[in-house]
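# Survey of secondary and tertiary structure
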Amino acid sequence: MERVAIERKVLSENDRIAQALREQFARCGTLVLNCISSPGSGKTSLLERTLQGFSPETRVAVVTGDIQTDNDARRLARFGFPVRQITTAGACHLDARMVEKSLDGWDLGRLDLLLIENVGNLVCPTSYDLGEESKIVILSVTEGDDKPLKYPGAFAKSRLMVLNKIDLLPYVPFDMEAARRNARSIHPDIEIIETSCTAGNGLDSWRQWIAERMRLAAGSPSHA
Amino acid sequence: MHEMGIASSVIEAVRVEVTRHPGARASKVGLRLGEWAGVDVESLRFCLEVLVKGTELEPLALEIDFRPQGSELDIAYLELED
């Protein structure tokens, strides 16, 4: 019997493409955010409110992933910014190659912000690097406040947790403090913003957060 | 849900390695799997079993080095026999 060391990442091909994308985004000064959540947490609503708040000259584009339909792309296209749908036809996550293909024909040098809406799923998308600057996990108060403990990968790898649908807090037994505590037990430095896309709470903080990351991305040393 | 894709990548890497060792057959593959890698261990075992069944790789033992609070998803080693 002979044992040979392989020492190779299972997703090495995905990681290679993601790294090339990350370098390209950094060169172009494009901030790329990968939004991850369960189905129905409000990813599309959050992106709608985000786009709605931008002035028409903002250089932003969206790539949205779903297993079927282009409903989300149609919802998001109403705001006049470039939007592309990736239909994964069964796959439960976006991978770097899908993102690379979806960018075809877009001049990244003319984009300051690319928002990626992943397929609704808190597990599989965490395995696939898309070349993003940050992952953002969205948790809504109609879910369990223990979700960070049940799906630790998504919370461990995200820079920011958006606690969404807070206008519904009077109607659901969701403990905000427990949700914050659970998220921080997995990822002590995770940033947290509380929002309601229907009532408008917290959207200013969310926009300021994006603006700050955009400033950092545009001013990063690798930005030629 | 995506464990079948992960399992396919593992099998592909095993086949590539086996071709580098003419006359040998793969007996065991060792993976390193972090708690936060987003991969279900039992589902991955099942998918690998299904993919190996009836092929030249059967039987292929699987050893998983599970890493709490880790994000690893690596093929660590392959055991070959003549």
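Structure's up top.
Below you will find a few notes about this structure. (Residues numbered from 1 in each chain as written. Chains lettered and ligands numbered in written order. Predicted model: local features only at pLDDT ≥ 70, side-chain atom pairs only at ≥ 80, totals over all residues. Heavy atoms only, no water.)

### Examining the environment of Phe 46 of chain B
Residues and elements named next belong to chain B. Relative to the assigned elements, Phe 46 resides in helix H2 (residues 41-52). Assessed through its relative accessible area of 52%, Phe 46 is described here as exposed. Taking the C-alpha atoms as reference, Phe 46 lies 17 Å from Ser 27; in sequence the two are 19 residues apart. (Helix = DSSP H or I, 4+ residues; strand = E, 2+ residues; numbered from the N terminus. Buried < 20%, exposed > 50% of the residue type's maximum accessible area, 1.4 Å probe, protein only.)

### A short note on the pattern of salt bridges
Once the charged atoms of two side chains with opposite charge are near each other, the side chains can pair. Residues and elements named next belong to chain A. Enumeration over the complete set of coordinates arrives at 27 salt bridges over all chains. The partner of Asp 112 in a salt bridge is Arg 59, with the nearest N and O atoms 3.0 Å apart. In this pair, Asp 112 sits in the loop between helix H4 (96-102) and strand E5 (113-117) while Arg 59 sits in the loop between helix H2 (43-52) and strand E3 (60-66), placing the two residues 53 residues apart along the sequence. Given a relative accessible area of 34%, Arg 59 falls into the partly exposed group. (Salt bridge = Lys/Arg side-chain N within 4 Å of Asp/Glu carboxyl O.)

### Focus: the packing of H2 of chain A against helix H8 (residues 203-218) of chain A
Residue and element names in this part refer to chain A. Packing of H2 against H8 leaves a shortest axis separation of 11 Å and a crossing angle of 75 degrees. In terms of their interaxial angle, H2 and H8 are classed as roughly perpendicular. Of the residues in H8, those in contact with Leu 46, Arg 49 and Thr 50 of H2 are Leu 203, Trp 206, Arg 207 and Ile 210. A class-by-class count of the residues in the contact of H2 with H8 yields four nonpolar, one polar and two charged. (Axes fitted to C-alpha atoms, helices over the stretch in contact; angles between N-to-C directions. Parallel < 35°, antiparallel > 145°, perpendicular 65-115°, else oblique. Contact = heavy atoms within 4.5 Å. Nonpolar A, V, L, I, M, F, W, Y, C, P; charged D, E, K, R; others polar.)

### Looking at the interface of chain B and chain A
Facing 23 residues of chain B, the contacting portion of chain A comprises 24 residues. Between chain B and chain A, the buried area comes to about 2200 Å², and carbon and sulfur atoms account for 60% of it. Summed over the shared surface of chain B and chain A, the number is two salt bridges. A salt bridge links Arg 3 of chain A to Glu 79 of chain B; its shortest N-O distance comes to 2.7 Å. If you look at where chain B meets chain A, you find 13 residue pairs in polar contact (both at pLDDT 80 or more). Mapped by element, the contributors of at least two residues to the side of chain B that touches chain A are helix H1 (3-19) and strand E3 (73-81) of chain B. Per-element tally for the side of chain B that touches chain A: the top contributor is E3 of chain B, with eight residues. Looking at the side of chain B that touches chain A, its residues break down into 13 nonpolar, five polar and five charged. (Buried area = accessible area lost by both parts, 1.4 Å probe. Polar contact = N/O pair within 3.5 Å; in protein donor to acceptor, adjacent residues only side chain to side chain.)

### A short note on the pairing of strand E8 (residues 191-194) of chain A
All names here are of chain A. For strand E7 (residues 160-164) and E8, the ladder comprises four bridges, and the chain directions are parallel. Its bridge partner being in E8, Val 162 is matched across the sheet by Ile 193. With helix H7 (residues 176-186) bridging E7 and its parallel neighbour E8, the resulting β-α-β unit is right-handed. (Pairing = 2+ DSSP bridges. Right-handed = clockwise from strand over helix to strand, strands pointing away.)

### Side note on the nonpolar core
In terms of nonpolar packing, the biggest core is built from 32 residues, with Val 29, Leu 31 and Leu 78 of chain B touching the most fellow members. Contributions of two or more residues to this core are made by strand E1 (2-9) of chain A together with H1, strand E1 (25-34), H2, strand E2 (61-67) and E3 of chain B. With seven residues, the single largest contributor to this core is H1 of chain B. With near-sequence residues (within four places) excluded, Val 29 of chain B lies in contact with Val 10, Val 14, Leu 60, Ala 61, Leu 62, Glu 63, Ile 75, Tyr 77 and Leu 78 of chain B. In terms of nonpolar packing, the next biggest core, distinct from the first, is built from 27 residues, Leu 47, Val 162, Leu 203 and Ile 210 of chain A among them. (Core = buried A, V, L, I, M, F, W, Y, C linked by side-chain atoms within 4.5 Å.)

Keep in mind that these numbers describe shape and distance, not what the molecule does.
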